[in-house]
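# Survey of secondary and tertiary structure
Chain by chain, the residues run as shown.
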Amino acid sequence: MYIKRYTVAAFIWIALVGWYVYAYVTQTSISIDFFGIPMPSFLVAVWVLVPLFVLYLASVAHMTFYTIIGNFKLRKYEKDYEKIINAITDTFLGKKDRSYTFKTDRYRLLGNLLANSVIYPIGDIKGSIKNEKIENVLNAIETIKNGEVADLKQFNLPIDNELVIQNKRNRYKKGELTPEEILSNEKKYSDQLRKEVYADFVKTASLVDIEKYKQYLNKDALYVILARINADKNALVISNENLISLFDILDLSKEDYINLSKELSKTDIIPEQRMKLFELLSDNHEDAMDSYLFTLYDLEMLAPANSILDNSQQGEYENFKAYRSLKECGKNFSIYIFV
């Protein structure tokens, strides 16, 4: 555009100079030698125009060169702008693997910041962002945040992405997905979501179904299962062998075993079954011995508990030995204080 304007102005200027020389300076013709080569005879006005035209060509070449350089720089900025938009949307979407190569320093700085940041829109900025790609992402996030279901296929997100998990969680809460659909499809649903659904699933599921998907068992789900043992509603009849197979899935600590015994004390489990359960656990897990002692004392089974303490090493089970000593002195404290 500017070269066209310059060309028009240059030719007008060259024409005016030629006209002035021809009209007011001289109308004669001359012949000159160019590096020893005689040139044809032309009007003086024509010879005056030759260097002006050469100057015009040189200036146009100069401007063309720097215009091309400027266009290359502008193209770099335009490409980097597209990449920074992608980086922003990927950051909003919570993509973990975000890596972009920028050609310009300013966008490289912004790109590095975005690649190592977690950004989540907290205000209503829809409509103020004049970019369709960002608007689509913001609309999807807002939809999911409101408990609705959004179409996330266009974003190619992995199944363990937080937005994908929440979106499928919304579908599950709306009844669009059944627990069996989620639990039976490892490739489509994340491990986190399957464990959440399993904890909800075991509230009413049969023992067969509980064991079918027991690889998704966590402590929350286990407590739900224990609460159902011989309960008035959604009662679950379960043997010690089945309980132990569930316990063995989890990495339980000494405190966990004690808490499980406390939880079972709130249920309608038969005392004999509870006592036998922790006896079996203590035979196979050293960390379960404290829970067995706790269970015995909680059920007032003093003889087997005292027998274990009598055969223990010095320094072992000091809390239970203290409880026994106080009880022998007629001090009736709750065993719960000692664990």
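Residues numbered from 1 in each chain as written. Predicted model: local features only at pLDDT ≥ 70, side-chain atom pairs only at ≥ 80, totals over all residues. Heavy atoms only, no water.

### Quick word on the overall build of the protein chain
Short version of the rule: Secondary structure counts use DSSP, requiring at least four H or I residues in a row for a helix and at least two E residues in a row for a strand, with both numbered from the N terminus. Atoms counted for the radius of gyration: C-alpha only. Globule rule: 2.2 Å times the number of residues to the power 0.38. Here the open area of atoms and residues is found with the Shrake-Rupley method and a 1.4 Å probe, where only the protein chains shown may cover a residue. The charge count includes Lys and Arg as positive and Asp and Glu as negative, but it does not include His or the ends of the chains. Where a charge lies is defined by one atom per residue type: Lys uses NZ, Arg uses CZ, Asp uses CG and Glu uses CD.
Broken down by element type, the protein chain carries 15 helices and four strands. On C-alpha atoms alone, the protein chain measures out to a radius of gyration of 42 Å, which is more than a quarter above the 20 Å that the 2.2 N^0.38 rule sets for 339 residues. Projected onto its principal axes, the C-alpha positions of the protein chain cover 140 × 50 × 35 Å. On the protein chain, roughly 21000 Å² of surface is accessible, and the fraction owed to carbon and sulfur atoms is 56%. Taken as two groups, the 42 positive and 45 negative side-chain charges of the protein chain have centres that lie 11 Å from each other.

### Considering the packing of aromatic side chains
We apply this condition: Stacked, edge-to-face and tilted labels apply to pairs of Phe, Tyr and Trp rings (six-membered ring for Trp) whose centres lie within 6.5 Å, assigned for plane angles under 30 degrees, over 60, and everything in between, in that order. Only protein chains enter the calculation, and the probe is 1.4 Å; a residue is then buried if its accessible area is under 20% of its type maximum, exposed if over 50%, and partly exposed in between.
In this structure the tally under the stated criterion is 12 aromatic pairs. Seen in terms of ring centroids, tyrosine 77 and tyrosine 107 are 6.1 Å apart; in terms of plane orientation they differ by 65°. Their pairing is edge-to-face. Separated by 30 residues along the polypeptide, tyrosine 77 in helix 2 (residues 44-93) and tyrosine 107 in helix 3 (residues 105-115) bring together distant segments of the chain. Tyrosine 77 sits in the partly exposed class, given a relative accessible area of 37%. Between tyrosine 198 and phenylalanine 201, the ring centres sit 6.4 Å apart and the planes meet at 40°, which makes this aromatic pair tilted. Remark: phenylalanine 201 and tyrosine 198 occur in helix 7 (residues 191-201); sequence separation between them is three residues, near one turn of the helix. Here tyrosine 198 matches phenylalanine 201 in class, with each residue buried.

### Structural notes on the packing of helix 1 (residues 2-25) against helix 2
Pairs of packed helices are described in terms of their axes, by the angle between the two and the distance that separates them. What counts, and what does not: What counts as an axis is a line fitted to C-alpha atoms, over the stretch in contact for a helix, and the angles between N-to-C directions run from 0 to 180 degrees. For this classification, under 35 degrees means roughly parallel, over 145 means roughly antiparallel, 65 to 115 means roughly perpendicular, and everything else is oblique. Handedness of a crossing is defined here by the sense of rotation of the near helix relative to the far one, left-handed for an anticlockwise turn of less than a right angle and right-handed for a clockwise turn. What makes two residues a contact is simply this: any of their non-hydrogen atoms within 4.5 Å. Throughout this entry, Asp, Glu, Lys and Arg are counted as charged residues, while Ala, Val, Leu, Ile, Met, Phe, Trp, Tyr, Cys and Pro are counted as nonpolar. The remaining residues, Gly among them, count as polar.
Direction vectors running N to C along helix 1 and helix 2 enclose 165°, while the axes themselves pass 9 Å from each other. Considered as vectors, helix 1 and helix 2 are oriented roughly antiparallel to each other. Considering how the two elements wind past one another, helix 1 and helix 2 form a crossing that is right-handed. Within the contact between the two elements, helix 1 uses Ile3, Tyr6, Thr7, Ala10, Phe11, Ile14, Val17, Gly18, Val21 and Tyr22 and helix 2 uses Val44, Ala45, Val48, Leu49, Leu52, Phe53, Tyr56, Ser59, Val60, Met63, Thr64 and Thr67. Looking at side-chain class alone, the contact of helix 1 with helix 2 contains 17 nonpolar, five polar and no charged residues.

### Concerning a positive patch on the surface
What counts is decided by this rule: Patches here are clusters of residues that have more than 30% relative accessible area and form no salt bridge, with a 9 Å joining cutoff for like charges and a 5 Å cutoff for nonpolar side chains (Val, Leu, Ile, Met, Phe, Trp, Tyr). Here, a salt bridge means any side-chain nitrogen of Lys or Arg that lies within 4 Å of a carboxyl oxygen of Asp or Glu.
A contiguous patch of positive charge, built from Lys73, Arg75, Lys76, Lys79 and Lys103, is present on the exposed surface. Checked against the element boundaries, lysine 73 lands in helix 2. Overall, lysine 73 belongs to the exposed group, its relative accessible area being 53%.

### Topic: the pattern of salt bridges
On inspection of all chains with the given rule, the structure shows 16 salt bridges. One salt bridge in this structure joins aspartate 191 and arginine 194, with 3.5 Å as the shortest N-O distance. With a gap of three residues between them, aspartate 191 and arginine 194 both fall in helix 7, about one helical turn apart. A residue is classified by how much of its surface remains accessible, and aspartate 191, at 37% relative accessible area, is partly exposed. Among the ionic pairs, lysine 203 bridges to aspartate 200, the shortest N-O distance being 3.4 Å. For lysine 203, a relative accessible area of 43% translates into the label partly exposed. What emerges from the salt-bridge pattern is a single network uniting Asp191, Arg194 and Lys195.

### Some details on a negative patch on the surface
Together, Asp251, Glu255, Glu286, Asp287 and Glu316 make up a region of like negative charge exposed at the surface. You can see glutamate 316 is positioned in the loop between helix 14 (302-310) and helix 15 (318-328).

### Observations regarding helix 11 (residues 254-265)
Note the threshold: Any helix carries an expected span of 1.5 Å times its number of residues minus one.
Over its 12 residues, helix 11 extends 17 Å from the first C-alpha to the last, a length consistent with the 16 Å expected when each residue adds 1.5 Å. Of the residues making up helix 11, those classed as buried are Asp256, Tyr257, Ile258, Leu260, Ser261, Glu263 and Leu264. Those residues of helix 11 that are buried are in contact with helix 9 (219-227), helix 10 (240-247), helix 12 (271-284) and helix 13 (289-298).

### Regarding the side chain of serine 282
Relative to the helices and strands, serine 282 resides in helix 12. On the accessibility criterion, serine 282 (9% relative accessible area) is buried. In this view, serine 282 contacts Ala288, Met289 and Tyr292; residues no more than four positions away in its chain are not counted.

### Considerations on the side chain of threonine 295
By the element assignment, threonine 295 lies in helix 13. Contact partners of threonine 295, with chain neighbours within four places excluded, come to Ser261, Arg274, Met275 and Phe278.

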